[in-house]
Amino acid sequence: MAANWKMHKTVREAQDYMAALLPRVADFAGEVDVAVFAPFTCLSEVARMAEGSGVIAGAQNFFYEDSGAFTGEVSAPMLLDVGARASIIGHSERRELFCETDEAVARKARRAVEAGLLPVVCVGETKEERDAGRMWEKVSGQVRAVVEGLGEASGGQVVLAYEPIWAIGTGETASPEDAQDAIGRIRELLGELRGGEFASEARILYGGSIKPGNISEIMAQKDVDGGLVGGASLEVGSFLELVGAARD
Ligand code: PGA
């Protein structure tokens, strides 16, 4: 279960959150993998506090070059340096607002795997694309671009997140059947591209308006391995409910 804080929380707020979260998630150790994707400014603190707890501290983005004249960017070695072990890549907000292309997303995913960061690569269609019957064309293209660039990575080194753009932050969740349909097809495609072992080892999350009231039916779907959660992850109490639902 992954918390995507997006552009929220100061260092102090992050400390308070982690101090409340860590003792409670200890109950789920070994049963549910928990990750917190924090803004760069509080990531080192989140990682420091999470050390030894099993909670994965992650970034929300990075650039695929390791160093150089890339003003405003942060690299994979820099994330590792502050204790991050994962990064979201190609979130729809980055693709749409910051012009990230499939090619850039694929290069970031490849760099993450090489560097030893767990990539959580987001894919998903807009409302217009879904209504026009082009959901799979969009999503399969995004998945192919990433997987074809991954080199020798095993399925266990990759997490994908299906996040239909129309369901993000809108309160409108994909139906559990829609989530299963898309995620089941993504898993089949992984099998075609990389074989059955890769497909079964890769974790595929659903994201988009997950909340305590809908998590159980989403998690009950055969191919859904977990959730990437924005709004409902900002409060420790609701995030813990989601972690608990992932165990049940
Ligand atoms: P949401 O965001 O849970 O607020 O819809 C999910 C995401 O964008 O990762």
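Parameters and conventions
- Residues numbered from 1 in each chain as written.
- Predicted model: local features only at pLDDT ≥ 70, side-chain atom pairs only at ≥ 80, totals over all residues.
- Heavy atoms only, no water.
- Salt bridge = Lys/Arg side-chain N within 4 Å of Asp/Glu carboxyl O.
- Helix = DSSP H or I, 4+ residues; strand = E, 2+ residues; numbered from the N terminus.
- Expected span 1.5 Å × (residues − 1).
- Buried < 20%, exposed > 50% of the residue type's maximum accessible area, 1.4 Å probe, protein only.
- Contact = heavy atoms within 4.5 Å.
- Near = heavy atom within 4 Å.
- Polar contact = N/O pair within 3.5 Å; in protein donor to acceptor, adjacent residues only side chain to side chain.
- Areas by Shrake-Rupley, 256 points an atom, 1.4 Å probe, with all protein chains shown as cover.
- Nonpolar A, V, L, I, M, F, W, Y, C, P; charged D, E, K, R; others polar.
- Phe/Tyr/Trp six-rings, centres within 6.5 Å; stacked < 30°, edge-to-face > 60°.
- Lys NZ or Arg CZ within 6 Å of the ring centre and 35° of its normal.

Visitor: Account for the pattern of salt bridges, naming residues and giving values.
Guide: In total, this model carries 21 salt bridges according to the counting rule given. Of the charged contacts, one joins R203 and D33 as a salt bridge, the two residues approaching to 2.7 Å between their closest N and O atoms. Here R203 is found in strand β7 (residues 203–207), whereas its partner D33 is found in the loop between α1 (11–25) and β2 (35–37), with 170 residues between them in sequence. When the shortest N-O distance is used, the salt bridge between E129 and K138 registers 3.0 Å. Each of D66, R110, R111 and E114 takes part in one network of salt bridges that share partners.

Visitor: Provide a residue-level description of helix α5 (residues 102–115), including the pertinent values.
Guide: When the terminal C-alpha atoms of α5 are compared, their 20 Å separation across 14 residues agrees well with the 20 Å that a helix rising 1.5 Å per residue should span. Among the residues of α5, those classed as buried are A104, V105, A106, K108, A109, R111, A112 and V113. Residues of α5 that are buried make contact with α3 (76–81), β4 (86–89), α4 (92–97), β5 (118–123) and α7 (135–148). Directly after α5, the chain includes G116, whose backbone phi takes a positive value near 90°.

Visitor: Now, about the site of the ligand: what can you tell me, with residues and values included?
Guide: Lining the immediate environment of the ligand, one finds 13 residues, of which K6, H91, E163, G169 and S209 sit closest. S209 is positioned with one of its backbone polar atoms (N or O) 2.7 Å from an oxygen atom of the ligand. Taking G231, its main chain carries an N or O atom lying 2.8 Å from an oxygen atom of the ligand. Look at the ligand: alone it shows 280 Å² of surface, and the protein chains cover 95% of it. Classifying every residue of the shell around the ligand by side-chain character gives 4 nonpolar, 7 polar and 2 charged.

Visitor: Give me the packing of aromatic side chains: which residues, what numbers.
Guide: Under the counting rule described, the total for this entry stands at 4 aromatic pairs. Between F63 and Y64, the aromatic rings sit 4.4 Å apart at their centres with planes inclined by 35°, giving tilted as the arrangement. The residues F63 and Y64 share a single accessibility class, namely buried. An angle of 55° between the planes, with centres 4.9 Å apart, marks the rings of F63 and F70 as tilted. Connected via pairs of aromatic rings, a cluster forms that spans F63, Y64 and F70. Here the basic side chain of K9 rests over the ring of W5, its NZ or CZ set 5.4 Å away from the ring centre. In this arrangement the basic side chain of K127 is found over the ring face of W166, its NZ or CZ atom lying 5.5 Å from the centre.

Any link to function would need more than the numbers given here.
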